Amino acid sequence: MAVTKSQANSDAYKAGPQSHSDGGWPLSDRPGFLARRVHQIHVSLFSELCAPFGVTPVQYSLLSALAGREAADQTTLSRIVALDRTTTTGALKRLEARGLVRRGTSATDRRSQSCALTPEGRRLLEEMEALARKAHAATVDMLSPEERTQFIEIMKKIVSAHGGRQTSFDLL
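The structure reproduced in this document is the subject of the present report. Predicted, not measured: the structure shown is a model, and the values here were computed from it. (Residues numbered from 1 in each chain as written. Predicted model: local features only at pLDDT ≥ 70, side-chain atom pairs only at ≥ 80, totals over all residues. Heavy atoms only, no water.)

**Here's the deal with the sheet that holds strand 2 (residues 101-105)**
Worth spelling out the cut-off: Two strands qualify as a pair provided DSSP detects at least 2 bridges between them. Here a strand is any run of E in DSSP of at least two residues, a helix any run of H or I of at least four, and the numbering for each starts at the N terminus.
Strand order in the open sheet formed by 3 strands is 1-3-2, and the pairing between neighbours is antiparallel. Each of the sheet's edge strands pairs with one partner strand only, and the pair in question is strand 1 (72-73) and strand 2. Strand direction decides the pairing type here: strand 1 and strand 3 (residues 113-117), joined by 2 bridges, are antiparallel. When the sheet's bridge partners are listed, Ala72 is paired in strand 3 with Cys115.

**Points about the nonpolar core**
Keep this limit in mind: Note on terminology: a nonpolar core comprises buried Ala, Val, Leu, Ile, Met, Phe, Trp, Tyr and Cys residues joined through side-chain atoms within 4.5 Å. With a 1.4 Å probe rolled over the protein chains alone, any residue whose accessible area is under 20% of its type maximum counts as buried; one over 50% counts as exposed, and the rest are partly exposed. Residue contacts follow a heavy-atom distance rule, with two residues in contact if any of their heavy atoms lie within 4.5 Å.
Core analysis: the largest hydrophobic core is formed by 25 residues, its most contacted members being Leu63, Leu66, Leu77, Leu92, Val101 and Met128. Counting only elements with at least two residues in this core, the list comes to helix 2 (31-50), helix 3 (57-67), helix 5 (85-97), strand 3 and helix 6 (119-140). Other than its neighbours up to four places away in sequence, Leu92 contacts Leu62, Leu66, Gln74, Leu77, Val101, Arg103 and Cys115.

**Examining the environment of Arg103**
Heads up, the condition is: A 3.5 Å cut-off defines polar contacts: any pair of N or O atoms within that distance qualifies, except that in protein one atom must be a possible hydrogen donor and the other a possible acceptor, and neighbouring residues in sequence count only when both atoms are side-chain atoms.
Within the secondary structure, Arg103 sits in strand 2. Along the chain, Arg103 and Thr118 lie 15 residues apart, while their C-alpha atoms are 9.8 Å from each other. For Arg103, the residues in contact, after removing those within four places along its chain, are Gln74, Thr89, Leu92, Lys93, Glu96, Gln113, Ser114 and Cys115. Side-chain polar atoms of Arg103 contact the side chain of Gln74, separated by 2.8 Å. At a separation of 3.0 Å, a polar atom in the side chain of Arg103 contacts the side chain of Glu96.

**Remarks on the packing of helix 2 against helix 6**
Using the following cut-off: Under this scheme, a helix contributes an axis fitted over its contacting stretch, all axes are lines through C-alpha atoms, and angles between N-to-C directions fall in the 0 to 180 degree range. Here roughly perpendicular refers to angles of 65 to 115 degrees, roughly parallel to angles under 35, roughly antiparallel to angles over 145, and oblique to all remaining angles. With the far helix as reference, a near helix turned anticlockwise by less than a right angle produces a left-handed crossing, and one turned clockwise produces a right-handed crossing. Residue classes follow a fixed rule: Ala, Val, Leu, Ile, Met, Phe, Trp, Tyr, Cys and Pro count as nonpolar, while Asp, Glu, Lys and Arg count as charged, and any other residue, Gly among them, counts as polar.
One can describe the packing of helix 2 onto helix 6 by two numbers: an axis separation of 9 Å at closest approach and a directional angle of 150 degrees. By the criterion of interaxial angle, the relationship of helix 2 to helix 6 is roughly antiparallel. As helix 2 runs across helix 6, the sense of the crossing is right-handed. Residue-level contacts link Val38, His42, Leu45, Phe46, Leu49 and Cys50 of helix 2 to Met128, Leu131, Ala132, Lys134, Ala135, His136, Ala138 and Thr139 of helix 6. Broken down by class, the residue content of the contact of helix 2 with helix 6 amounts to 10 nonpolar, 3 polar and 1 charged.

**Brief notes about the side chain of Ser78**
Positionally, Ser78 belongs in helix 4 (residues 74-80). In this structure Ser78 touches Leu83, Asp84, Arg85 and Thr88, once residues within four positions along its chain are discounted.

**Comments concerning the pattern of salt bridges**
Just so we agree on the cut-off: Salt bridges, as used here, are contacts in which a Lys or Arg side-chain nitrogen is within 4 Å of a carboxyl oxygen on Asp or Glu.
Considering all chains together, one arrives at 3 salt bridges under this definition. Between Arg133 and Glu129 there is a salt bridge, with the nearest N and O atoms lying 3.1 Å from each other. With Arg133 and Glu129 both in helix 6 and 4 residues apart, the pair spans about one turn of that helix. For Arg133, a relative accessible area of 57% corresponds to the exposed category. Here Glu129 falls in the partly exposed class, since its relative accessible area comes to 23%.

This is the structure we're talking about:
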């Protein structure tokens with residue numbers, strides 16, 4: 001059976017680059033390292049631009065997820081933003097303490113917490129939207145428009161292929 005170029009490239013990447021004399025895989029070439037660095041860069045840009053609002057990227061994701069819904073339970077929100085339930089609950093409690101989110105027992109499932117944006121939360125989200133978008137744009141502004149589209153599509157492909165994996169902060 002003939003091996004296609006993409007299969008060969010995929011197999012080589014699975015094994016890691018072998019072109020270095022020690023046979024190792026330099027940190028600067030590792031997908032996980034690079035993904036973490038891009039994340040760190042984005043969080044730094046977001047934090048600088050959105051500092052006046054006192055909202056973390058995770059909290060912003062939760063507010064954004066709630067913006068398009070009348071309400072959502074915490075389990076659904078944790079899936080939408082790809083976080084474990086404990087982290088989601090902690091972030092929602094902090095948003096509730098600031099009056100940005102309302103939490104309460106679900107009318108349909110007493111074991112579930114229903115969450116909704118408050119008018120204050122909706123206002124804050126609207127006020128910070130332009131700066132949050134600026135942080136997202138700044139993360140990839142050195143790429144051409146075509147490269148940005150490709151980069152986003154590649155990240156979406158990776159996320160989709162591994163979509164069932166849940167975040168675990170025990171590894172940090």
